Amino acid sequence: MKHRDCNGRYQMTRYYTGRLEKDRMVVQQEGWFDFGSNFYAVQTFEKDGKRIAVGWISDFYNEYEPVEDGPVGSIAIPRLLSIKRVCSI
């Protein structure tokens with residue numbers, strides 16, 4: 001997915017919430033998960049009742065110093081996920 005926002009940032013990670021019906025997810029809400037410019041391949045896991053997300057940060061901007069057999073990216077800082085509920089009167 002190569003979506004860019006009005007500031008030119010990549011927005012490659014979306015979220016979906018919903019419910020399962022007969023082995024299929026019925027999406028009730030969706031949106032952009034991350035507004036960084038190179039956070040993708042996200043995996044989540046649950047720890048102590050909290051949902052944690054970790055993703056890959058690629059070197060889109062050639063910021064890393066090349067090292068023979070070295071990395072070409074890094075793992076992102078883990079993020080604690082939550083859902084903000086919006087109520088209407």
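Please read all numbers here as calculations on a predicted model, not as lab measurements.

(A) Broad picture of the pattern of salt bridges. Taken as a whole, this structure holds two salt bridges when the rule is applied. One salt bridge connects Glu46 with Arg51, and the closest N-O pair in it is separated by 3.7 Å.

(B) Fine view of a nonpolar patch on the surface. A contiguous nonpolar surface patch, about 420 Å² in accessible area, is contributed by Tyr16, Leu20, Met25 and Val27. For the nonpolar patch, the secondary structure elements donating two or more residues are strand 1 (14–21) and strand 2 (24–32). Its place among the elements puts Tyr16 in strand 1. Under the relative-accessibility criterion, Tyr16 is labelled partly exposed at 43%.

(C) Looking closely at unusual backbone geometry. Even without glycine at this site, Lys22 takes up a positive phi of about 50°. Here Lys22 shows up in the loop between strand 1 and strand 2. Positive phi, close to 55°, is recorded for Asp48, a residue that is not glycine. Along the chain, Asp48 turns up in the loop between strand 3 (39–47) and strand 4 (50–58).

(D) Seen up close, the pairing of strand 1. Relative to strand 2, strand 1 is paired through eight bridges, and the arrangement is antiparallel. Within strand 2, the residue paired with Thr17 across the bridge is Gln29.

Rules and cut-offs
Residues numbered from 1 in each chain as written. Predicted model: local features only at pLDDT ≥ 70, side-chain atom pairs only at ≥ 80, totals over all residues. Heavy atoms only, no water. Salt bridge = Lys/Arg side-chain N within 4 Å of Asp/Glu carboxyl O. Patch = residues over 30% accessible without salt bridge, like charges linked within 9 Å, V, L, I, M, F, W, Y side chains within 5 Å. Areas by Shrake-Rupley, 256 points an atom, 1.4 Å probe, with all protein chains shown as cover. Helix = DSSP H or I, 4+ residues; strand = E, 2+ residues; numbered from the N terminus. Buried < 20%, exposed > 50% of the residue type's maximum accessible area, 1.4 Å probe, protein only. Pairing = 2+ DSSP bridges.

That's the geometry; what it means functionally is another story.
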